[in-house]
Structure formats: C-alpha cells, structure tokens
Amino acid sequence: MKNITKNLSLAILLGGLNVPAHASTDQSTLLKQVESKVIEWRRDIHQNPELGNREVRTAALVSEHLKNLGMEVETGVAYTGVVGMLKGAKPGPTVMLRADMDALPVTEKTNLPFKSTKTTNYRGVDVGIMHACGHDTHVAMLMGAAEVLAGMRDELAGNVMFVFQPAEEGAPEGEEGGAELMLKEGIFKKYKPDVAFGLHITSKLNVGQIGYRSGPTMASADRFEISVKGEQTHGSTPWAGADPIAAAAQIVSGVNHIVSRQINITKEPAIVSFGKISGGVRNNIIPEEVNMVGTIRNFDMDNRAQIFDKIKHTAEHIARASGNEAEVSIYEGYPVTVNDPALTKQMLPSLSKVVGKQGMIEMPKVTGAEDFSFYAMEVPGLFVFLGGTPKGTDPKDAASNHSPYFFADESAFKLGTRALTEFTLDYMTHSKNR
C-alpha cells in the first residue's frame, strides 16, 4: 500500500498552509498562527475516524500537509503510516515526534457538533467508530508542530522526523501493525533518530497540566489463553469423568497467587486478571473443555518473563492433579514504556516553559499500555500526558479515555503543540552546547 495517498487531494482542508521552504518566523507567532488550524484539523479527523491499518483518509490529510511544508514524505509505511523528514539548515541530531492516528470501535455519545456518526462491522458486531482515546488530537497537534518547525527551518540545528503511526490500539486480527511494524519495515534504519518524543491527551489531568514520569511509566500488556481439557460426564456422576470447570476454578485461584506470593513486587508492581471464562451448555452436563483468557500487566521485563513461566507451570500442574490437561498460550503485546531518566530530567525545563512549574505533574505508574514503548527500546524516549479536562472540572468526574463520552477541551491543543516544538528545539540546543 505504498504511496496510498498519491491521487487524493485535500486542498480545501489544507488551504493556506503553504509555508515557504525556508521561511523563518518567531516561534510564538507561528504557534499563534497555527492554533485555529489545529482545532479545525482535529474536528475534521474526529468526524471522520478510521480504525487501525485503515487510516487512509487521515494519512492523506497528513501527507498532503507535510508535502506542502516542503518535507520529504514517505507514505504507506505499516499499511497507512506517514513519515515526514524536515531537514534543518544547520547540522545536529534527528528528533523524532510521533502521533498515533487510529480510532476505536466505540459508538460516540457526546453532543459535539462534529461528533462521529461513522459505523462499521467489528468482529461480527455493528458498532460506531470514534476517536475515544484522543488520537485525533495527537495528529492535529503534530501537524501544527510540523508547520511551526518548518517555519523555523533556517534556525534548526538538526532534523525532525514526524511519525504518524497507524494501529496503536492494535492491528486487525490476522495483521501486524503499529510501532512494531513500522520498525520492522525499517524506519529507524532509514532515518536514524537520536531521540523520540510522544504525548497522549488524558482526561485524568486538567487543561494547563502535563504529566510526566521518569523510568517505567506505562505497563507492558500481554494476553494469555488457557484451555482446560477434561472428560465429559453427567453432572450427577462427576467421578466418571474429569471436571475442567472445577480445575479452571482452582487455576484462577492459583494464577492470582502468582503476583501476591511468587513475584517480588517490591521491585515493580504487576497485575494478572482473568477477563473471560467459558465452558459447558447446560446445568447437568460436566463439559469436556473450559477456555479462559486474561491480561498481564507489569513494569519490569524480568518479572514479565517470570509471570509467563509461572502461569504455564501453575495451570498445567493444577489441571494434571485432577485428571485434566491445560494448554497455555501467551501472546506478547506491548513492552513496558520506559522514559529515559536522563532525557526526562533534561526536558523538564521545556515542560516548565509550556505549563509552568505548577502545571508539571509527576504521575504515578499507569497500568495502561502504549506501543510508543517499541520506539523507546531503540532510542532514548520521553512520553508525557497532556491534560484535556476543562479547568474547574474534577478529572475524577470526567469520562475516561475509551469512553463513548470522552471529551478533550480544545484549549489544551495549543499546549500540546508547543510542548512538541519545545522538546525539539531544546533538545537540539542542548546537543549543540554539549
């Protein structure tokens, strides 16, 4: 799907964006000029959401914008991903800025005038499509940062790599996707960034706040499946067979004891949760098989490997003790998102420029996961959280990300756009002065 946007023209949406290739303007002026455009781009993307690996229209909007700014643009990366390279006039590092583009299979229930009415059939269910996690805002803010930085090309001591990524929420069944696939297709080998920055809007913070954390910040996310196979028999004579339901119940208890009794959680916290158990058809038949699925979350890669081994060991031995067999499959998802401690410390003054010291919030660990983690395993990375709940509203009362009522205050976007530009400019300045 390379060059998927070749014949798509979005000139109407992008009117007035033609920044001269070597224009040089004050940063604050450029940020002010782009503020209303970011809001309009976001509204348009919000009203036209697309699921992972299917972000065709969004990718077209992005690639057209970057081309109009005079960048080298590659499209069709990892299905619909877009990479733009802005080359500064002076030598220096390559800074990567990333935004994710995909929406979720969620039916929007907000009253926004630009709410999504798009629908799809997702895994056999008719459902709406919504930017319920704020990726529309990420795309718009990075488009704004691209215009600001392109307008400062003559002053840039280095290059900027703009990555608009598909499928952060996961690829469709049977497909690869997201950050992992972009790396697999060689974007870091081709463009060689020195550092990577990303941000995520959140309802857990108010507008005017940016959350950060050094070291492990977001959890790894892995899925496990356990199939317990027994011997079907009448419910009145359980001794005539092997009961996989009873074994499954014991496995749930045993697996839940792994974190509380077998993993050193003073090192880093961990979570194992069962999300689904299914088996049987009626009250008086002990079934032949029970299936269970669940999630594993933790903040330490060594603990992660231990949990994998212990789930397998626990399930197999408990099943065998009652005459059943257990088959365990573990599907590795996103690794732990680790903010490079030195980079985090270096960029704190940049955050202070954007929201002041009072707006800088040191975050607790987040048990949600992010595939920005793959980039941060390759180069030093920093991933921060942008407050999106209106001032005066308690974030505890705000609809969470992934909710059909999720709302992001538009006044936050100028702060996110500025944060991305400050990270870039300050990192380049720091590198020059070393």
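Since the model is a prediction, treat every value here as computed from it, not as a measurement. (Residues numbered from 1 in each chain as written. Predicted model: local features only at pLDDT ≥ 70, side-chain atom pairs only at ≥ 80, totals over all residues. Heavy atoms only, no water.)

Draft legend 1. Representation of the sheet that holds strand E17 (residues 360-362) within the structure. An order of E1-E2-E6-E3-E7-E18-E8-E17 is seen for the eight strands of this open sheet, with the pairing classed as mixed. Of all the strands in the sheet, just strand E1 (72-77) and E17 have a single pairing partner and so form its edges. With direction set aside, neighbouring strand axes in the sheet form an average angle of 25°. Where strand E3 (residues 90-100) and strand E6 (residues 157-165) come together, eight bridges link them in parallel fashion. Opposite Met96, over in E6, you have Met161 as the bridge partner. Most of the contacts of helix H2 (residues 56-68) go to strand E2 (residues 81-87), to which it runs at about 15°, and overall it touches E1, E2 and E6. (Pairing = 2+ DSSP bridges. Helix = DSSP H or I, 4+ residues; strand = E, 2+ residues; numbered from the N terminus. Axes fitted to C-alpha atoms, helices over the stretch in contact; angles between N-to-C directions. Contact = heavy atoms within 4.5 Å.)

Draft legend 2. Examining the packing of H2 against helix H3 (residues 135-150) more closely. It is the contact of H2 with H3, at a shortest axis distance of 10 Å, that shows an interaxial angle of 10°. It follows that H2 is roughly parallel to H3 by the angle criterion. Only Val139, Met143, Ala146 and Glu147 of H3 make contact with H2, whose side of the interface consists of Thr58, Leu61, Val62, His65 and Leu66. Partitioning the contact of H2 with H3 into residue classes produces six nonpolar, two polar and one charged. (Parallel < 35°, antiparallel > 145°, perpendicular 65-115°, else oblique. Nonpolar A, V, L, I, M, F, W, Y, C, P; charged D, E, K, R; others polar.)

Draft legend 3. Highlighting helix H8 (residues 341-355). Here H8 is 15 residues long and its end C-alpha atoms lie 21 Å apart, about the 21 Å a rise of 1.5 Å per residue gives. The axis of H8 is deflected most strongly, by about 35°, at Met347, and proline Pro349 appears within four residues downstream. For H8, every residue scored as buried is listed here: Leu343, Thr344, Met347, Ser350, Leu351, Val354 and Val355. With a side-chain oxygen positioned 3.3 Å from the backbone nitrogen of Ala342, the residue opening H8 is Asp340. (Expected span 1.5 Å × (residues − 1). Bend = angle between axes of the 7 residues up to and from the residue. Buried < 20%, exposed > 50% of the residue type's maximum accessible area, 1.4 Å probe, protein only. Polar contact = N/O pair within 3.5 Å; in protein donor to acceptor, adjacent residues only side chain to side chain.)

Any functional reading would require information that these geometric values do not contain.
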